[in-house]
Amino acid sequence: MPGAAANFDLAAARATIAAQKKRDLAFAALGLGALSVCFATFVALFVDMVIDGSGRLSSDFFSNFASRRPEQAGILAAWVGTLVVMVVTAAVAVPVGVASGIYLEEYAPRNKLTALIEININNLAGVPSIVYGLLALGMFVHTFGLGASVLTAGLTLGLLILPIVIVSTREAIRAVPGMIREAAYALGATRWQMVRHHVLPYSMPGILTGVIIGLSRAIGETAPIVTIGAVTFIAFLPPAPVTAAAPFVSFEWLMSPFTAMPIQIFNWTSRPETAFQQNASAAALVLVVMTLAMNALAIWLRFRLRRNLKW
Amino acid sequence: MASKAPKPDLATLPKKAEARALNFFYGAKQALKNISLPVYDRRVTALIGPSGCGKSTFLRCFNRMHDLYPGNRYEGEIRFFPDDLNLLGADVDPIEVRMRLAMVFQKPNPFPKSIFENVAYGLRVRGVNQRSVLVDKVEEALKGAALWNEVKDRLDEQANNLSGGQQQRLCIARALASEPEMLLFDEPTSALDPIATASIEELIHQLKDKVTILIVTHNMQQAARVSDFTAYMYLGDLIEFGWTDDVFFRPKNKQTEDYITGRFG
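The model shown is predicted, which means the values in this text are computed figures rather than measured ones. (Residues numbered from 1 in each chain as written. Chains lettered and ligands numbered in written order. Predicted model: local features only at pLDDT ≥ 70, side-chain atom pairs only at ≥ 80, totals over all residues. Heavy atoms only, no water.)

Counting secondary structure elements, chain B contains ten helices and ten strands. Oriented by its inertia axes, the alpha-carbon framework of chain B measures out at about 55 × 40 × 35 Å. Residue burial in chain B is summarised as follows: out of 265 residues, 57% are buried. When the accessible surface of chain B is totalled, it reaches about 11100 Å², and 50% of it is carbon and sulfur. For chain B, the centre of its 34 positive side-chain charges and the centre of its 34 negative side-chain charges are spaced 2 Å apart. (Helix = DSSP H or I, 4+ residues; strand = E, 2+ residues; numbered from the N terminus. Buried < 20%, exposed > 50% of the residue type's maximum accessible area, 1.4 Å probe, protein only. Areas by Shrake-Rupley, 256 points an atom, 1.4 Å probe, with all protein chains shown as cover. Lys, Arg positive; Asp, Glu negative; His and termini not counted. Charge placed at Lys NZ, Arg CZ, Asp CG, Glu CD.)

In structure tokens form, the structure reads like this:
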């Protein structure tokens, strides 16, 4: 070969490249295999649920209360219960979690106490959910006397997803480049102005994603709400938040007993009749679709809000 | 070299600021050693020297950027005129200092907001929200930064869509909008191509009639082109300071001469 260095062994180099490319291919195959297992499992479960449950899906199924007769039983109390509990959960977890995340990232001094708090927050994310249920039973239900109410469930699930919200808030905040912070400070912004005008808006897509991931975990949680004593059979809805008489808003719904989708599913699954098993499949399908819809919302929000974020 | 006219006597030149026996520490590491340097009013002073010589560290003392990070410590003072304020005084609020001295950074760092909001931000943090005032000030600042004609029809567009050179001029407009008394440039053209660099240098020429400029640069030709005074720094020490043509053509110090002629650095 003209111009090639005398001591360069082209054949050996080609052999090495070929061997390395085989390893590259091997890893790609391994990765694809692992992904296929996950995906196939989800598809199998989903298809099974559709086959078993889709026959039960009708408008009556959504507008009927639970019943001893499987063909009349519906999920009205369950989906309304889940919805109101999620509202309370978000109302608890979002302000507390986002404020904590901002404080830890932007305000907290870097010392041992902060480090200890950080380790604890990361550990809290790994605490089994039943432990939150037990805490809530002792604290909210008995000590504070809130009973097995929507409020208790919302507070419990709010606590449960708090670490998720805090961690994702911190990650989103950390992604805002230091040079943007310095630009704001150099113009005379105070720390709060910098956070309010820059850090918070620019990290909003990440924060929202974390909130929705947290909520989609909370929506399927069964153990903590069973522990606090949510009812399994209920034939009424929480009182409406808007009333005809002044002051037109009512917070009685917060103290109302409730049931939720996972409890309804669990209850039906434990019945011997196959008709109830079908109801359980149909309700599970609804729950999965609710979760997927939340995730889709997260993806859409992230896409929308990130369009203008470039640095 | 800015002027061919006879150089005025330094003793009669008004100063805008003056570092006096300034030491600076990053934790235990001393980054600036006993720096005393005048910054003359409405003149351009360039800080040159090899990487790590402390020129950016020195610049960032003026608007107290070091206060943002823990473990940093100043000793000595930077007097700021005409009110003879010590910028580094413990009783002086860094936010007040940053409102009087604006900074332009190495890489253009516009906010991911509209062109208008970028320029208006310095006024917004001061509580100015009246639309008519903002509109006037934004136009004036963009004209001052030689960007108005390019962006006047798209003030509501995202600032990120501008080219690198335009973004840097936007950052200069953002700094100018709140009428600072002194402008601090931290290698403002190091991320730009030669044409954009030329336009920024031209702008510095125009600005110095109105505002005092302190500029850190890696590029010695740039220092020679834009500045009236040059300070050469090395490893945290100020080696030589004087009129730019003196420093470049008649350096008093051997080290300065070696650096300027490219034998070192």
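Turning to the overall build of chain A, a few remarks are in order. When helices and strands are counted, chain A shows eleven helices and zero strands. Reading the helices (α) and strands (β) of chain A from amino to carboxyl end gives α-α-α-α-α-α-α-α-α-α-α. For chain A, the C-alpha radius of gyration of 26 Å lies well beyond 19 Å, the compact-globule estimate for 311 residues. For chain A, buried positions account for 41% of its 311 residues. (Rg over C-alpha atoms; globule rule 2.2 N^0.38 Å.)

Turning our attention to the sheet that holds strand β5 (residues 85-86) of chain B. Residues and elements named next belong to chain B. Taken in spatial order, the four strands line up as β2-β1-β4-β5 in an open sheet, and their pairing is antiparallel. A strand with exactly one partner marks an edge of an open sheet, and here the two such strands are β2 (29-40) and β5. Pairing geometry for strand β4 (residues 72-80) and β5, over two bridges, is antiparallel. Bridge pairing links Phe 80 to Leu 85 in β5. (Pairing = 2+ DSSP bridges.)

This paragraph deals with the packing of helix α3 (residues 76-107) of chain A against helix α6 (residues 150-174) of chain A. Residue and element names in this part refer to chain A. As a packed pair, α3 and α6 sit with axes 6 Å apart at the nearest point and diverge in direction by 35°. Here the hand of the crossing between α3 and α6 comes out right-handed. For the contact of α3 with α6, the residue count by class is 20 nonpolar, seven polar and four charged. (Axes fitted to C-alpha atoms, helices over the stretch in contact; angles between N-to-C directions. Left-handed = near helix turned anticlockwise from the far one by under 90°. Nonpolar A, V, L, I, M, F, W, Y, C, P; charged D, E, K, R; others polar.)

In the predicted model, chain B carries a mean pLDDT of 93, and the fraction of residues at 70 or more is 98%. When pLDDT is averaged over each element of chain B, strand β8 (residues 212-216) of chain B comes out on top at 97 and helix α10 (residues 254-260) of chain B at the bottom at 90. (pLDDT = per-residue confidence, 0-100.)

Tallying the contact residues gives 27 residues for chain B and 20 residues for chain A. Taking both partners together, chain B and chain A bury about 2000 Å²; carbon and sulfur atoms supply 61% of that area. It is B:Phe111, B:Pro112 and B:Tyr121 that lose the most area in chain B upon contact with chain A, and together they represent 26% of the buried surface on that side. At the boundary of chain B with chain A, the tally comes to one salt bridge. The closest approach of N and O atoms between B:Arg60 and A:Glu182, which form a salt bridge, is 2.6 Å. In this assembly, chain B and chain A are joined by eight residue pairs in polar contact (both at pLDDT 80 or more). Taken together, the residues of the side of chain B that touches chain A sort by class into 15 nonpolar, six polar and six charged. (Contact = heavy atoms within 4.5 Å. Buried area = accessible area lost by both parts, 1.4 Å probe. Salt bridge = Lys/Arg side-chain N within 4 Å of Asp/Glu carboxyl O. Polar contact = N/O pair within 3.5 Å; in protein donor to acceptor, adjacent residues only side chain to side chain.)

Looking now at the sheet that holds strand β6 (residues 101-104) of chain B. Residues and elements named next belong to chain B. Pairing is mixed in the open sheet, where six strands are placed in the order β6-β7-β8-β3-β9-β10. The strands lining the two open edges of the sheet, one partner per strand, are β6 and β10 (237-243). Each strand axis lies, on average, 15° off the axis of its neighbour in the sheet, ignoring direction.

The subject of this paragraph is a nonpolar patch on the surface. Residues and elements named next belong to chain A. On the surface, a cluster of nonpolar side chains totalling about 570 Å² of accessible area is made up of Phe 39, Phe 42, Val 43, Val 47, Ile 51 and Leu 292. Per element, the largest residue contribution to the nonpolar patch is five residues, and it comes from helix α1 (residues 10-53). Take Val 43: it is sitting in helix α1. (Patch = residues over 30% accessible without salt bridge, like charges linked within 9 Å, V, L, I, M, F, W, Y side chains within 5 Å.)

Of all hydrophobic cores here, the largest spans 75 residues; its most connected members are A:Ile75, A:Ile225, A:Phe258, A:Met261, A:Trp268 and B:Phe111. At the level of elements, α3, α5 (129-143), α6, α7 (178-186), α8 (191-218), α10 (261-269) and α11 (274-306) of chain A together with α3 (115-125) of chain B are the ones that each hand at least two residues to this core. Membership of the second largest hydrophobic core comes to 47 residues, among which are B:Ile115, B:Val119, B:Leu147 and B:Leu203. (Core = buried A, V, L, I, M, F, W, Y, C linked by side-chain atoms within 4.5 Å.)

Let's shift gears to the environment of A:Ser100. Residues and elements named next belong to chain A. With respect to the element layout, Ser 100 can be found in helix α3. For Ser 100, a relative accessible area of 23% gives the class partly exposed. Considered as a pair, Ser 100 and Ile 166 are 66 residues apart in the sequence and their alpha carbons are 6.4 Å apart.

On to the side chain of B:Ser178. Its place among the elements puts B:Ser178 in the loop between α6 (164-176) and β7 (182-186). The contact partners of B:Ser178, leaving out residues within four places of it in the chain, are B:Gly122, B:Leu123 and B:Arg126.

When we look at a pair of aromatic rings, we describe it by the centre distance and by the angle of the planes. A complete count under the given rule lists 13 aromatic pairs over all chains for this structure. Ring centres 6.3 Å apart and planes at 10° place the aromatic pair A:Tyr103 and A:Tyr107 in the stacked group. Placement of the pair is A:Tyr103 and A:Tyr107 together in helix α3, with a separation of four residues, close to one helical turn. Residue A:Tyr107 is classed as partly exposed on the basis of its relative accessible area, which comes to 26%. Aromatic pair B:Phe111 and B:Tyr121: ring centres 5.1 Å apart, planes at 70°, arrangement edge-to-face. (Phe/Tyr/Trp six-rings, centres within 6.5 Å; stacked < 30°, edge-to-face > 60°.)

The next point concerns unusual backbone geometry. Residue and element names in this part refer to chain B. Cis peptide bonds are those with omega within 30 degrees of zero, and the linkage from Phe 81 to Pro 82 qualifies with 10°. Here Pro 82 shows up in the loop between β4 and β5. Even without glycine at this site, Asp 84 takes up a positive phi of about 55°. Here Asp 84 is to be found in the loop between β4 and β5. Not every positive phi belongs to a glycine, and Leu 235 is a case in point at roughly 45°. Tracing the chain through its elements places Leu 235 in the loop between β9 (229-234) and β10.

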